[in-house]
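Below are the chains, spelled out letter by letter.
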Amino acid sequence: MDFGVAYLPTHDGIGPGPLAGLVEERGQSGLLFAEHTHIPASRESPYPDGGPLPTGYWHNYDLFVALTAAAASTTRLRVGSGVCLVVQRDPIVTAKEVASVDHLSGGRLEFGVGAGWNREEMRNHGTDPRTRMVLLRERVEAMRAIWTQDEASFHGRRVSFERIWSYPKPAQRPYPPVLVGGDGPTVLDRVLAFGDGWLPGYTGDPGIFRRIAELKARADRPVEVQITWAPADPPVLEAMRNAGVRRAVHWIPPGPRSFVERVLDRWEAAIAGLNGE
């Protein structure tokens, strides 16, 4: 099992490039960035973790700008989205951004996708929250067509375009792994329908390991699992490793370099404890 970190790159914390260099230097295999284009001031949608919404959610850099900075500052580190809110993005533009970062990084991008939780944010992008899951699937499928076809077309219920040319194509073949985020009751169906892997968050519920076993039993192809919000807790990490998780990803709140280094110290100590070091 590999290890990585997730972060919301903000303008008032350590920058995405310096963070990526630090994470690579300290032996982590992956770095995932979360995204929000904005947060509606109405604050009607409750924060899923409860309590006040951290200010970093509306002080963050654009996802693909941050990923470009991270990729340019490293040579081995896998970089990715955890998750990209595809239902709030134009699929043709997003396909171009994904392919560009993957090409520039030499094939080091991992593409986590999701529908999000803030319904007002979705509406501001012209997305009806009631149909966001259908839209998510169609936009991912449309992007796959763009990545893999010299002259791509797509015709769905909510996404449709005639023949287009779009280059560069991703460096990874046929495209970067698409990791479907979420832990709702139907998420495994979405992973099996249009994903290459599952990207759930760890909430402390051991039922996640039963769902991983269910996913692997239902899949007719290799499907990877990465878990975000993995705690710095060796017994939990051991359970993840035993379940066949590919990467455990620890969340680091936004902050200056000194704060990030302290969180990384605790994360690395947990990894050492797992490995009996």
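This text follows the structure it describes.
Since the model is a prediction, treat every value here as computed from it, not as a measurement.

This part covers the side chain of N60. Its place among the elements puts N60 in the loop between β2 (30-33) and α2 (63-72). Note on N60: relative accessible area 15%, which makes it buried. Among the polar contacts listed, one links the side chain of N60 to the backbone oxygen of H36, at a separation of 3.0 Å. Those residues in contact with N60, other than ones at most four positions away along the chain, are L8, P9, T10, E35 and H36.

Between its first and last C-alpha, helix α3 (residues 91-104) extends 20 Å over 14 residues, near the 20 Å set by a 1.5 Å rise per residue. Against the buried residues of α3 lie α2, β3 (78-85), β4 (109-114) and α5 (132-148). Taking the backbone nitrogen of I92 as reference, a side-chain oxygen 2.9 Å away marks D90 as the first, capping residue of α3. Downstream of α3 by a residue or two, G106 has a phi angle that is positive, lying close to 75°.

In this structure, the largest pocket spans a volume of roughly 1,000 Å³. For the largest pocket, the lining is made up of 35 residues, of which P48, V83, W117, G182 and W229 are closest to its centre. For the lining of the largest pocket, the elements supplying multiple residues, two or more each, are β3, β4, α4 (119-124) and α5. Residue classes in the lining of the largest pocket are distributed as 19 nonpolar, 10 polar and 6 charged.

So, on to the packing of aromatic side chains. Here the structure, examined in full by the defined rule, presents 8 aromatic pairs. Here Y57 and W117 contribute two aromatic rings whose centre-to-centre distance is 6.4 Å and whose plane-to-plane angle is 70°, an arrangement assigned as edge-to-face. Highlighted residues: Y57 in the loop between β2 and α2 and W117 in the loop between β4 and α4, separated in sequence by 60 residues. Judged by its relative accessible area of 13%, Y57 is buried. Pairing F111 with W147 gives two aromatic rings, centres 6.0 Å apart and planes at 80°, and the pair type is edge-to-face. Within this pair, whereas F111 is found in strand β4, its partner W147 is found in helix α5, the two being separated by 36 residues in sequence. Neither residue differs from the other here; F111 and W147 are each classed as buried. Of the aromatic side chains, those joined through ring pairs into one cluster are Y47, Y57 and W117.

Conventions we followed
Residues numbered from 1 in each chain as written. Predicted model: local features only at pLDDT ≥ 70, side-chain atom pairs only at ≥ 80, totals over all residues. Heavy atoms only, no water. Helix = DSSP H or I, 4+ residues; strand = E, 2+ residues; numbered from the N terminus. Buried < 20%, exposed > 50% of the residue type's maximum accessible area, 1.4 Å probe, protein only. Polar contact = N/O pair within 3.5 Å; in protein donor to acceptor, adjacent residues only side chain to side chain. Contact = heavy atoms within 4.5 Å. Expected span 1.5 Å × (residues − 1). 1 Å grid on protein atoms, 1.4 Å probe; cavity = no way out; pocket = protein on both sides within 12 Å on 5 of 7 lines; lining within 4 Å. Points joined across faces, edges and corners; volume = space filled by probe spheres on them. Nonpolar A, V, L, I, M, F, W, Y, C, P; charged D, E, K, R; others polar. Phe/Tyr/Trp six-rings, centres within 6.5 Å; stacked < 30°, edge-to-face > 60°.

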